[in-house]
Amino acid sequence: MTIKDKLARYEPKPLGEKRRYAVLLPLIYDVKTDKYQILYQVRSEHISQPGEVSFPGGRVENGETFQEAAIRETCEELNLVPNQIDIWGELDYLIHQGRTIHCFVGKINIENWEHIHPNEEVKRLFTVCVDTLLTEDPIYYKITSTLSDAKGFPFFLVKNREKYNFGYSERHIPFYRNLTENIWGMTAMFTHRFTDILKDLE
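What counts, and at which threshold
- Residues numbered from 1 in each chain as written.
- Predicted model: local features only at pLDDT ≥ 70, side-chain atom pairs only at ≥ 80, totals over all residues.
- Heavy atoms only, no water.
- Pairing = 2+ DSSP bridges.
- Helix = DSSP H or I, 4+ residues; strand = E, 2+ residues; numbered from the N terminus.
- Contact = heavy atoms within 4.5 Å.
- Axes fitted to C-alpha atoms, helices over the stretch in contact; angles between N-to-C directions.
- 1 Å grid on protein atoms, 1.4 Å probe; cavity = no way out; pocket = protein on both sides within 12 Å on 5 of 7 lines; lining within 4 Å.
- Points joined across faces, edges and corners; volume = space filled by probe spheres on them.
- Nonpolar A, V, L, I, M, F, W, Y, C, P; charged D, E, K, R; others polar.

A few words on the sheet that holds strand 9 (residues 139-146). If you walk across this open sheet you meet the three strands as 9-10-11, and the pairing is antiparallel. Unpaired on one side and paired on the other, strand 9 and strand 11 (183-184) mark the two borders of the sheet. Alignment of strand 10 (residues 168-176) against strand 11, held across two bridges, turns out to be antiparallel. Residue Y176 lies in a different strand from strand 11, and its bridge partner there is I183. Docked against the sheet, helix 4 (residues 185-200) engages strand 9, strand 10 and strand 11, running at close to 75° with respect to strand 10.

The following block contains the structure:
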């Protein structure tokens, strides 16, 4: 195979990507209030990040698209079938620490979300009204670190190292502080992006 052939077949991906994940931001239409709710889940104690609030989702398998993974994982965790999920769109995706995470928005076609019986990965479910989230912005907290703190980094190999601007990494992590549940991190980030998109469309 020639260089040209190899490049033609290669699918570009973010540098440093080690794993791919997909999640679903599930919307539930509440007939009683005539409002849309976002469905959240609290993770079980025996899996990673126990007790954290999250969206259904997981790792993308070989030969699977991000959207297919989001639907499959949601069906597994919430014990649904694919035709109960209508994908309405995709939000901006996240790249962090070797992970690429795509978030899709989809309506769950079920009359009462309390009739959902999730699998053992989910401790419990709860909902928050979209209207509430449109008026309650999260608070972002800043975390910074500098490369100069790194032990073992070969600074001696960098020309003009005394004057070189290594910069620093800065992360802003959101927390919803005024809700009954502690929603933070990636789940809060996708939630906030979703509501910002809704506001931009007004």
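Picking up after the structure, the text goes on.
Turning to the layout of surface pockets, a few remarks are in order. When its volume is computed, the largest pocket comes out at roughly 820 Å³. Lining the largest pocket are 33 residues; nearest its centre among them are Q49, R99, I101, M186 and T187. By volume, the second largest pocket amounts to about 180 Å³. Along the walls of the second largest pocket sit I28, Y29, D30, K32, Q37, E111, N112, W113 and E114, which together make up its complete lining. It is strand 1 (residues 19-30) that provides the largest number of residues to the lining of the second largest pocket, a total of three residues. Its residues assigned to classes, the lining of the second largest pocket shows three nonpolar, two polar and four charged.

With respect to the helices and strands, the residue Q41 is situated in strand 2 (residues 35-43). Among residues more than four places away in sequence, those in contact with Q41 are E52, V53, S54, F55, P56, E77, L78, V122, R124 and L125.

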